[in-house]
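Read off the chains here:
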Amino acid sequence: MVIVAALIWLIAGVALAAGEALTGDFALLMLGGAALVTGGVSAVTDLPVWIDAVIFAVASLVLLLGVRPMLRRRYSQPPALPTGIDALPGKHALVLEQVGEHSGRVKIDGEVWTARPLDATEVYGPGTTVTVMQIDGATAVVWRGV
């Protein structure tokens, strides 16, 4: 009976660990590890099944609350770096042609963009340094702030 219980725990542990490939959340991997621990204990001792269940519960809690958070931190994805036009807001631009409500050009990171002011009543002259607030289509919305 001891070998049968250990074999059942082993199969359950391998199945749970394999199921982790579908989720990637480390929860099934922790439960699979707890099942393998329980199977190992069951293989070397002749304890009742209810004690096996207690061992599984304790091992699950230790792995889920102790090991899983460390693994999630270690393997979490870093925040994506903004690229392309998503990286432009917040950058400084040099006004090349007067920027008003309906026209204007600025240079952002070496590229020339059409521009308009954030506040439609403002006008920025050539040589002024402005901040890109957003990109609206192919137009940079700029502001001369502090």
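Going by the annotation in an unreviewed UniProt entry, the name recorded for the protein chain is NfeD-like C-terminal domain-containing protein, with Rhodococcus pyridinivorans AK37 given as the source organism.

Helix and strand counts for the protein chain come out as 3 helices and 5 strands. Overall, the protein chain shows an N-to-C arrangement of helices and strands of α-α-α-β-β-β-β-β. For a compact globule of 146 residues, the expected C-alpha radius of gyration is about 15 Å, and the protein chain comes in at 30 Å, more than 25% above that figure. Based on the C-alpha atoms only, the size of the protein chain along its principal axes is roughly 90 × 25 × 20 Å. Burial analysis of the protein chain (146 residues in total) assigns 27% to the buried set. Excluding contacts between residues fewer than 6 apart, the proportion of contacts in the protein chain whose partners are at least 24 apart in sequence is 48%. Carbon and sulfur atoms make up 66% of the accessible area of the protein chain, which totals about 9300 Å².

Pairing is mixed around the closed barrel formed by 5 strands, whose spatial order is β1-β2-β3-β5-β4. Direction aside, neighbouring strands of the sheet carry axes that sit 55° apart on average. Bridging between strand β1 (residues 92–97) and strand β4 (residues 129–136) involves 3 bridges; their strand directions are antiparallel. Bridging from a neighbouring strand, H92 pairs with T131 of β4.

Summarizing the sequence annotation, UniProt attributes the feature "domain: NfeD-like C-terminal" (unreviewed entry) to residues 86–144 in the numbering used throughout. Helix makes up 0% of residues 86–144 and strand 51%, and the two end C-alpha atoms of the span are 20 Å apart.

This brings us to the domain arrangement of the protein chain. Partitioning the protein chain into domains gives domain 1 (1–76) and domain 2 (85–143). Summarising the inter-unit geometry, the C-alpha centres of domain 1 and domain 2 are found 58 Å apart.

Along its 18 residues, helix α2 (residues 27–44) runs 26 Å from first to last C-alpha, staying within 8% of the 26 Å computed at 1.5 Å per residue. Residues M30, G32, A34, A35, T38, G39 and S42 constitute the buried set of α2.

On to the side chain of T38, then. Along the chain, the position of T38 falls in helix α2. Classification of T38 as buried rests on a relative accessible area of 0%. Once you skip the residues sitting within four places of it in the chain, T38 turns out to touch W9, D52, I55 and F56.

Applying the stated rule across the entire model yields 5 salt bridges. Measuring nitrogen to oxygen at the nearest pair gives 3.9 Å for the salt bridge that ties E97 to R105. Overall, the relative accessible area of 45% leaves E97 in the partly exposed class. Close ionic contact of R116 with D136 constitutes a salt bridge, the shortest N to O distance being 2.9 Å. Note that R116 is positioned in strand β3 (residues 111–117) and D136 in strand β4, a separation of 20 residues in sequence. Residue classification places D136 among the partly exposed positions, given a relative accessible area of 40%. Through salt bridges that share partners, D25, R68 and R72 make up one connected network.

Each value, and the rule that gives it
- Here the residue numbering is sequential within each chain, running from 1 through the sequence in written order.
- Note on the predicted model: pLDDT of at least 70 is required for a residue's local features to be given, and 80 or more for side-chain atom pairs to be given and counted; whole-chain, interface and lining totals, by contrast, use all residues.
- In computing side-chain values, all of the structure's heavy atoms are included and hydrogens and water are not.
- Secondary structure elements follow DSSP: runs of H or I no shorter than four residues count as helices, runs of E no shorter than two count as strands, and numbering proceeds from the N terminus.
- With the radius of gyration taken over C-alpha atoms, the globule rule is written as 2.2 Å times the number of residues to the power 0.38.
- Residue burial is assigned from relative accessible area. The probe radius is 1.4 Å, only protein chains are included, and a residue is buried under 20% of its type maximum, exposed over 50%, and partly exposed in between.
- Any two residues having at least one pair of non-hydrogen atoms within 4.5 Å are treated as being in contact.
- Per-residue accessibility takes into account occlusion by the displayed protein chains alone, with areas from the Shrake-Rupley method and a 1.4 Å probe.
- At least two DSSP bridges between two strands are needed for those strands to be called paired.
- Axis geometry follows a simple rule: fit a line to the C-alpha atoms, using only the stretch in contact for helices, then measure angles between N-to-C directions, giving values from 0 to 180 degrees.
- UniProt positions are given in the numbering used here, feature names are shortened, and annotations may be inferred rather than shown by experiment.
- Residue ranges assigned to each domain were obtained from an automatic or database domain assignment.
- Working rule for helices: expected span equals 1.5 Å times residues minus one.
- For this analysis, a salt bridge means a side-chain nitrogen from Lys or Arg found within 4 Å of a carboxyl oxygen belonging to Asp or Glu.

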